[in-house]
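Notes for the structure review
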Amino acid sequence: MMTLAQLVQIMPYARSRASVFLQPLNAAMLEFGINTPARQASFLAQVGHESGQLLYVRELASGQAYEGRADLGNTQPGDGVRFKGRGLLQVTGRANYTACGKALGLDLLAKPELLEQVVLACRSAGWFWQMRGLNALADTGNQVKVSQRINGGSNGLAARLGLFEVAQRVLA
């Protein structure tokens, strides 16, 4: 189990939010098999980057850029904005909200904002991690590929790698 001191060392900008997220993060890591130092360091690095170190559980952009994106399942008018990134790993798109809701037992199509709640923000991140096969990839140590599976490219790669290095040291 990660301690509050460890979480604050990994994500110093989380400040007081670290104590709010500590138990739900630990529970999500346990639930989704993120149970080795390598997996946890990788997961926390990605969560740290995607959430601005636990500051954001909803994408800052409007989501308009996702409008009509069939690859995300956004087939209805307004889907881009309605199903913009939420949770600590920014679940995005009608298709991902549908799958996440089914896995977590939630009606996310009716209430996508549920992923902004602390516990569900953590659980959705764990679900996304597991669904993308990221435990196995984290076990290989290839953080570039982990980052690509999270966001589809190399956006913020240096920051992700920096968070990973810190998390590796702290959790060792």
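This structure is a prediction, so every number in the text was calculated from the model and none was measured.

On to the overall build of the chain, then. Summing up its helical and strand segments, the chain has nine helices and zero strands in all. Along the chain, helices and strands appear, N-terminal first, in the series α-α-α-α-α-α-α-α-α. Compactness check: the chain gives a C-alpha radius of gyration of 15 Å against a globular reference of 16 Å for 172 residues, within 12% of the reference. If one aligns the C-alpha atoms of the chain with their principal axes, the spans along those axes are about 45 × 30 × 25 Å.

Interaxial distance between helix H8 (residues 143–151) and helix H9 (residues 157–171) falls to 10 Å at its minimum, and their mutual angle equals 120°. Our classification of the angle between H8 and H9 gives oblique. For the crossing formed where H8 meets H9, the hand is right-handed. Between H8 and H9, the residues in contact are Gln143, Val144, Ser147, Ile150 and Asn151 and Leu157, Arg160, Leu161 and Phe164, respectively. Looking at the contact of H8 with H9, its residues break down into five nonpolar, three polar and one charged.

Nonpolar side chains tend toward joint burial in soluble globular proteins. Formed by 47 residues in total, the largest nonpolar core has its most connected members in Leu25, Phe43, Leu44, Leu54, Leu88 and Trp129. Residue assignment for this core shows that the elements contributing at least two residues are helix H1 (4–10), helix H2 (17–31), helix H3 (37–50), helix H5 (94–104), helix H6 (118–131), helix H7 (134–140), H8 and H9. With seven residues, H6 is the single largest residue contributor to this core. Apart from residues no more than four positions distant in its own chain, Leu25 is found in contact with Met2, Leu7, Phe43, Leu44, Leu54, Leu88 and Cys122.

For the pair H5 and H6, interaxial distance at closest approach is 10 Å and the crossing angle is 105°. Compared by their axis directions, H5 and H6 come out roughly perpendicular. Contacts from Asn96, Ala99, Cys100, Ala103 and Leu104 in H5 reach Arg123, Ser124, Trp127 and Met131 in H6. Class assignment of the residues belonging to the contact of H5 with H6 gives a composition of six nonpolar, two polar and one charged.

Quick look at the side chain of Ser51 now. One can find Ser51 in the loop between H3 and helix H4 (79–82). Here Val47 takes part through its backbone oxygen, which lies 2.6 Å from a polar atom of the side chain of Ser51. Residues contacting Ser51, with those up to four places away along its chain left out, are Tyr56 and Leu88.

All told, the structure shown has three aromatic pairs when counted by the stated rule. Arranged with centres 5.3 Å apart and planes meeting at 85°, the rings of Phe43 and Trp129 form a pair that is edge-to-face. Linking Phe43 in helix H3 with Trp129 in helix H6, this pair joins segments that are 86 residues apart in sequence. Take Phe43: its relative accessible area is 0%, and that puts it in the buried class. Using a relative accessible area of 0% as the deciding quantity, one classes Trp129 as buried. Measuring from centroid to centroid gives 5.0 Å for Phe83 and Tyr97, while their planes differ by 55°, and the two rings are tilted. Here Tyr97 lies in helix H5 and Phe83 lies in the loop between H4 and H5, a separation of 14 residues in the sequence.

Conventions we followed
- Residues numbered from 1 in each chain as written.
- Predicted model: local features only at pLDDT ≥ 70, side-chain atom pairs only at ≥ 80, totals over all residues.
- Heavy atoms only, no water.
- Helix = DSSP H or I, 4+ residues; strand = E, 2+ residues; numbered from the N terminus.
- Rg over C-alpha atoms; globule rule 2.2 N^0.38 Å.
- Axes fitted to C-alpha atoms, helices over the stretch in contact; angles between N-to-C directions.
- Parallel < 35°, antiparallel > 145°, perpendicular 65-115°, else oblique.
- Left-handed = near helix turned anticlockwise from the far one by under 90°.
- Contact = heavy atoms within 4.5 Å.
- Nonpolar A, V, L, I, M, F, W, Y, C, P; charged D, E, K, R; others polar.
- Core = buried A, V, L, I, M, F, W, Y, C linked by side-chain atoms within 4.5 Å.
- Buried < 20%, exposed > 50% of the residue type's maximum accessible area, 1.4 Å probe, protein only.
- Polar contact = N/O pair within 3.5 Å; in protein donor to acceptor, adjacent residues only side chain to side chain.
- Phe/Tyr/Trp six-rings, centres within 6.5 Å; stacked < 30°, edge-to-face > 60°.

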